[in-house]
Amino acid sequence: MKTTFYSNGKLLITGEYLVLDGARAFALPTKFGQNLIVENGSNQEIQWKSYDFDEHLWYEDTISFSEIINNTDSKIESVKTTLINILHEAYLLNPDFINNSDGYIISTQLTFPKNWGLGTSSTLLNNIAQWTNIDAFTLLKNSFGGSGYDIACAQNNTPIVYRLQENLPIVETVEFHPDFTKNIYFVYLNKKQNSKAAINAYYNNRNGNLEKIILDNNKITDSILNAQTEKEFALALEKHELHLSNILEMQTIKEASFSDFNGVIKSLGAWGGDFVMVISKEDPTIYFSSKGYKTILSYDEMILQK
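Criteria and thresholds
- Residues numbered from 1 in each chain as written.
- Predicted model: local features only at pLDDT ≥ 70, side-chain atom pairs only at ≥ 80, totals over all residues.
- Heavy atoms only, no water.
- Phe/Tyr/Trp six-rings, centres within 6.5 Å; stacked < 30°, edge-to-face > 60°.
- Helix = DSSP H or I, 4+ residues; strand = E, 2+ residues; numbered from the N terminus.
- Buried < 20%, exposed > 50% of the residue type's maximum accessible area, 1.4 Å probe, protein only.
- Lys NZ or Arg CZ within 6 Å of the ring centre and 35° of its normal.
- Pairing = 2+ DSSP bridges.
- Axes fitted to C-alpha atoms, helices over the stretch in contact; angles between N-to-C directions.
- Contact = heavy atoms within 4.5 Å.

Taken as a whole and judged by the stated rule, the model has 21 aromatic pairs. Centroid distance Phe 26 to Phe 176: 5.1 Å. Interplanar angle 65°. Geometry classified as edge-to-face. Pair noted here: Phe 26 is in strand E2 (residues 25–40) and Phe 176 is in the loop between strand E7 (168–173) and strand E8 (184–188), with a separation of 150 residues, a long-range link. Overall, the relative accessible area of 1% leaves Phe 26 in the buried class. For Phe 176, a relative accessible area of 5% puts it in the buried group. When the ring of Tyr 287 is compared with that of Phe 288, the centres are 5.0 Å apart and the planes differ by 85°; the resulting orientation is edge-to-face. The pair Tyr 287 / Phe 288 is uniform in exposure class, with both members buried. Across from the ring centre of Trp 58, 4.5 Å away, lies the NZ or CZ of Lys 114, which sits over that ring.

Quick look at the sheet that holds strand E11 (residues 296–298) now. Sheets are built from strands that pair by backbone hydrogen bonding, the pairs being arranged parallel or antiparallel. Strand order in the open sheet formed by 4 strands is E9-E10-E8-E11, with antiparallel pairing between adjacent strands. One side of each edge strand has no neighbouring strand; the edge strands of this open sheet are strand E9 (264–267) and E11. Here the average twist between neighbouring strands, direction ignored, is 25°. Relative to strand E10 (residues 275–279), E8 runs antiparallel, the two sharing 5 bridges. Across the sheet, residue Ile 184 finds its bridge partner in E10, namely Ile 279. Helix-sheet contacts for helix H9 (residues 230–248) involve E8, E9 and E10, and the interaxial angle to E9 is about 45°.

Written as structure tokens, this is what we have:
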């Protein structure tokens with residue numbers, strides 16, 4: 001018998017970095033995600049296969065139940081040690097999936113290229129939590145850490161506002177159907193970001209200012225959600241970019257790479273990597289293609305809309 005679990009990918013529109021400190025973050029679940037298919041196996045082990053969106057097998061291994069139970073510490077971090085760590089934390093929260101089984105055959109498949117940064121880890125984590133019947137936010141906290149907004153997107157089919165209150169996730173589903181989504185695009189920058197410098201600047205600059213920084217973020221988030229026109233929306237996005245630019249001591253992505261672009265460009269997630277959101281009256285494909293960026297998706301192609 002096969003059981004299939006599925007989780008949505010994510011894009012963080014507002015509140016990057018600040019969401020860790022309780023700011024309201026606006027996030028959109030994507031049409032892309034990951035599934036996990038579980039079948040009964042044998043030998044007290046899991047035969048695991050992971051496929052990319054094009055059905056290319058990118059990871060394959062066998063993990064014994066004893067490795068999951070004992071979480072044998074390895075100095076070298078690998079896909080296998082990361083997977084064992086997640087499964088070990090799941091086991092501590094609910095040992096039944098190991099204790100009551102002879103083994104498993106598991107496969108995962110992404111519906112997006114895994115370098116896109118839409119949530120390879122968060123969709124996996126949420127799928128494992130569904131399968132093992134545990135709370136995904138607790139599993140996240142006990143394994144990777146992070147704010148959890150990506151788990152909230154994995155579980156919701158509509159736009160959300162996410163925040164942490166006393167370290168507990170508060171998820172609010174929101175309406176977001178402006179008539180200008182036809183002018184919103186997502187462009188993949190094909191750059192994995194090491195955001196250590198940005199995170200250090202964030203932690204240095206938030207000290208003593210945190211309450212005001214979060215208040216400003218929340219006002220801008222509300223402006224973005226309540227924008228009635230494309231102009232209001234674009235101005236609020238620019239305001240958010242400047243707000244973060246000052247805190248992170250970094251140029252905005254438009255200043256750094258696209259200063260001649262006629263439109264608004266908003267960084268998403270870790271600044272400078274993965275996708276940016278573009279607001280443009282004209283289709284920006286020719287502009288970005290001419291600069292070497294070939295992956296450009298419309299709002300309708302990218303965002304889950306129920």
